[in-house]
Amino acid sequence: MDRIDRKLLNLLQVDAARTNADLAEEVGLSPSSCLRRIRRLKADGVIDRTVAILDPSRAGKGLKAVITVELDRHGEQQIRRFLQLAENEPAVTQAYAVSGETDVVLMLRLSGMDEFDALCERLFRDNTNVARFYSMFVIRTGKETTAIELKP
C-alpha cells in the first residue's frame, strides 16, 4: 500500500459517498486509475465494507451501554457460545472476547431501559454461562469514530 492508497483510504473513511472523479482529483490521479485502486483495495480486503453511519438518537437508539461479562466456565467453546448469543442480538453493536478479569465486553445501542431489560433476560439469565455482568451507561461521548488513521 503506497501513499496514494493511504490518502484514498483516509478520504473514503471520512465520506465514502464522494464521487470517483472527486477522489481522483484530490489524490492527483485519473478517474480510471483511482477506480482501479479502489477496486483493488476492496478485492484485497483492505476495504472491508462500505456502510452508512446513522445518528443513533435519530434512529431511535439513543441509549448506549457498555457491558462487561464474566463467564462461569472459561473454555474456548464457552466463550464462542456466548459470543454467538451476543451476535444474534440486534442491540449488540460490538462484542469482544478480552483478556483480564473480564471475559467479554459488549457495546449496545438501545431504545431504552425496556429493551435493555429484555436483552438482559436473554443474555445473562438461566443457561447462558454468565457468572456476573456489569452495566455502564454512556452519559457523554468524548470520541467515537470508525476511522483508522493511515499516515501518508
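Relevant structure appears above.
Below you will find a few notes about this structure.

Reading the values: the criteria
Residues numbered from 1 in each chain as written. Predicted model: local features only at pLDDT ≥ 70, side-chain atom pairs only at ≥ 80, totals over all residues. Heavy atoms only, no water. Helix = DSSP H or I, 4+ residues; strand = E, 2+ residues; numbered from the N terminus. Buried < 20%, exposed > 50% of the residue type's maximum accessible area, 1.4 Å probe, protein only. Pairing = 2+ DSSP bridges. 1 Å grid on protein atoms, 1.4 Å probe; cavity = no way out; pocket = protein on both sides within 12 Å on 5 of 7 lines; lining within 4 Å. Points joined across faces, edges and corners; volume = space filled by probe spheres on them. Nonpolar A, V, L, I, M, F, W, Y, C, P; charged D, E, K, R; others polar.

**Some details on unusual backbone geometry**
Okay, step 1: Positive phi outside glycine occurs at D126, with the angle close to 55°.
Okay, step 2: Its location among the elements puts D126 in the loop between α5 (113-124) and β4 (130-137).
Okay, step 3: Under the relative-accessibility criterion, D126 is labelled exposed at 77%.
Okay, step 4: The backbone phi angle of N129 is positive, close to 70°, even though this residue is not glycine.
Okay, step 5: Position of N129 among the secondary structure elements: in the loop between α5 and β4.

**Let's talk about the pairing of strand β2 (residues 92-97)**
Okay, step 1: Here β2 runs beside strand β3 (residues 104-110); their pairing, made up of five bridges, is antiparallel. Note on β3: the bridge partner recorded for Q94 is M107.
Okay, step 2: Between β2 and the antiparallel strand that follows it, β3, lie six residues; G100 among them carries a positive phi value of about 100°.

**A word on the layout of surface pockets**
Okay, step 1: Here the largest pocket is characterised by a volume of approximately 1,500 Å³.
Okay, step 2: What lines the largest pocket is a set of 34 residues, among which R49, V51, A52, I53 and T146 lie closest to the centre.
Okay, step 3: Among the secondary structure elements, those contributing two or more residues to the lining of the largest pocket are α1 (3-14), α2 (20-27), α3 (31-43), β2 and β3.
Okay, step 4: Looking at the lining of the largest pocket element by element, the count peaks at four residues for α1.
Okay, step 5: Within the lining of the largest pocket, the residues separate by chemical class into 18 nonpolar, seven polar and nine charged.

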